[in-house]
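Architecture and fold: a report
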Amino acid sequence: MSKSSTAAPSLGLMHYGLMLAGLGTALLGPILPLLAKQWAMADSQSGLLMMAKFCGAFLGGVTVSRRLRQSLLIGLLGGALGFGGFAVAPSMIVGCVALFVGGFGLGQIITSVNILAGRRFTEHRGSALALLNFSFSLGAMLSALLAAWLLPRFTLRSVLAGFAMLFAVGIVVFSIQMRIDPSTTEEVDVTDLEAKPQTGLSRRLYVYFACLLVLYGGLETCLSGWLTTFALRYGDKTLAVSEYTTLLLWMSLTLGRAGSSAVMMKVGEKTVQRCGLALTAIFTAGLATAHSAVTIAGFAVLLGLSLSPFFPATFALLMAERPTARQAGIVLAVSGLGAAALPWLMGVVSTKTGSLQVALGLPFAAAVMLLGMSLFAPKGQQFTH
């Protein structure tokens, strides 16, 4: 077995870390109606919680160390502290601070794990990243499922505290792996597993990939973050059933990631990316016109499937351009800016217009812009074919 498959963090821990990141990323969507009632928040204030978490994720991503394994450990610690603090937060302001810390941890985890994976798997990179990010989607799916199952039985505080403890488990496991494998203290440049040097992105490609991730971060978070509230208002009137609608979104996104891993063994990442974005734009427009629980649930499934290939396909295209670790980290991190700004803006539009259906125009516009950018990509190694 090669060094790449035995070195810490193990592949199992990388999957576990991304699963926790998925849980944390999707955490607010299913519980947002409860928090809004508990802290008497309008939609615009609810959006501030998302903004705080994803601003933290952005900072976590851009500050990832060259020692990627150290960043993973810091990310697990940030998740434990942040979400533990959120569990006992007495008000929205304190909750925002705690979510910022938790988001910082998520940013460190997501960025460090994806860069490590992108460098370990040099053949069929898109397929490998899709399979690894299956765990991220699985975690997000479990967020909605566990919320619907646990909240009628336990208090929100105890559920959040249990989530924070999962990060502590990861810290213990990773600490053991680091003790067994002394090479974990080496810097990413020394442990780089690709034969080709990291030449770095041109400024044009750098900006291009950053803009893609900003828009996608906002698009996915708008849909996942507001879907439970949307289903509660325009579909079923019970919270539990509305939470299952968000579960359907993440379940289909999870299955889609597994399926896209197989598809990208045969079809190019660029083609898969464009088809997914075209369908996402169509299904988002359809969701905005839905007026029944069944129709909303159907569009949730379709959106999950259409969104699923974008991140692994795009990150595979990015890594094929051989960015430096710092460039890849920043490109990944800026998705947190979109995830922070667009859902908050969606809440503002909803409050001003009195309609979440009108506010869905924002993620629709993001999907259309992404498709346009994909069709007119700047030239690079992977864009000339």
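In this report, we go over the structure that sits alongside the text. Nothing here was measured: the structure is a model prediction, and the numbers come from that model.

Rules used in this analysis
- Residue positions are counted from 1 within each chain, in the order its sequence is given.
- Two thresholds apply to this predicted model, a pLDDT of at least 70 for residue-level local features and 80 or more for giving and counting side-chain atom pairs, whereas whole-chain, interface and lining totals are computed over all residues.
- For the side-chain quantities, the full set of heavy atoms in the structure was used; hydrogens and water were omitted.
- The method works on a 1 Å grid over the protein atoms by themselves. A cavity is a set of points holding a 1.4 Å probe that cannot get out, a pocket is an open set with protein on both sides within 12 Å along at least five of seven lines, and residues with an atom within 4 Å of a point line them.
- Grid points are joined across faces, edges and corners, and a volume is the space filled by probe spheres set on the points.
- Counting from the N terminus, the helices are DSSP H or I runs at least four residues long and the strands are E runs at least two residues long.
- Each residue gets one label: Ala, Val, Leu, Ile, Met, Phe, Trp, Tyr, Cys and Pro are nonpolar, Asp, Glu, Lys and Arg are charged, and the others, such as Gly, are polar.
- As used in this record, nonpolar core signifies buried Ala, Val, Leu, Ile, Met, Phe, Trp, Tyr and Cys residues forming a set joined through side-chain atoms within 4.5 Å.
- Accessible area is worked out with a 1.4 Å probe on protein chains only. A residue is then buried under 20% of its type maximum, exposed over 50%, and partly exposed in between.
- The contact rule is simple, with two residues in contact once any of their heavy atoms fall within 4.5 Å.
- A helix is expected to span 1.5 Å for every residue after the first.
- For patch detection, residues must exceed 30% relative accessible area and be free of salt bridges, and they are connected within 9 Å for like charges or within 5 Å for nonpolar side chains (Val, Leu, Ile, Met, Phe, Trp, Tyr).
- Values of accessible area rely on a 1.4 Å probe in the Shrake-Rupley scheme; residue burial ignores everything except the protein chains shown.
- Whenever Lys or Arg places a side-chain nitrogen within 4 Å of a carboxyl oxygen from Asp or Glu, that contact is recorded as a salt bridge.
- Two rings from Phe, Tyr or Trp (for Trp, the six-membered ring) form a pair when their centres are within 6.5 Å of each other. A pair whose planes differ by under 30 degrees is stacked, one over 60 is edge-to-face, and the rest are tilted.

Concerning empty space enclosed by the protein
- One pass over the structure, following the stated rule, counts four cavities of 30 Å³ or more.
- Looking at the largest cavity, its volume works out to about 380 Å³.
- Lining the largest cavity are 24 residues, with T25, I110, F136, E220 and S335 sitting closest to its centre.
- Secondary structure elements with two or more residues in the lining of the largest cavity: α4 (43-62), α6 (92-120), α7 (125-150), α9 (203-234), α14 (325-333) and α15 (335-353).
- In terms of residue class, the lining of the largest cavity is made up of eleven nonpolar, ten polar and three charged.

Observations regarding the nonpolar core
- Within the largest apolar cluster, 108 residues are counted, with the highest numbers of intra-cluster contacts made by I31, L35, L49, F86, F167 and L287.
- Setting aside anything within four residues of it in sequence, one finds L49 in contact with L28, L32, L35, W39, M41, M92, G95, C96 and L99.

Let's talk about α15
- Taking 1.5 Å of rise per residue, 19 residues should cover 27 Å, and α15 covers 27 Å from first to last C-alpha, within 8% of that figure.
- When we look at burial in α15, the residues that qualify are G336, G338, A339, A340, L342, P343, M346, G347 and S350.
- Note on α15: the residue one or two positions beyond its end, G354, has a positive phi of about 75°.

Comments concerning a nonpolar patch on the surface
- Taken together, the side chains of L59, L77, L81, I93, V97, F100 and V101 make up a nonpolar region of the molecular surface, amounting to roughly 620 Å² of accessible area.
- Inspection of the secondary structure assignment puts V97 in helix α6.

Side note on the layout of surface pockets
- Put simply, the largest pocket is a space of about 230 Å³.
- Around the largest pocket sit 15 residues that line it, and L23, L146, L150, V159 and F163 are the ones nearest its centre.
- When contributions to the lining of the largest pocket are tallied by element, the ones reaching two or more residues are α7 and α8 (156-180).
- Per element, the largest residue contribution to the lining of the largest pocket is seven residues, and it comes from α8.
- Its residues assigned to classes, the lining of the largest pocket shows twelve nonpolar, three polar and no charged.

What about the environment of L156?
- In this fold, L156 is placed in helix α8.
- Separated by 121 residues in the primary sequence, L156 and L35 place their C-alpha atoms 9.3 Å from one another.

Re the packing of aromatic side chains
- All chains considered together, the criterion is met by eight aromatic pairs.
- Arranged with centres 6.3 Å apart and planes meeting at 75°, the rings of W39 and F86 form a pair that is edge-to-face. Highlighted residues: W39 in the loop between α3 (28-38) and α4 and F86 in helix α5 (residues 68-87), separated in sequence by 47 residues. Neither residue differs from the other here; W39 and F86 are each classed as buried.
- Note on F311 and F315: the rings are 5.7 Å apart at their centroids and 10° apart in plane angle, and the pair reads as stacked. Of the two residues, F311 and F315 are both situated in helix α13 (residues 310-320); the distance of four residues between them amounts to about one turn of the helix.

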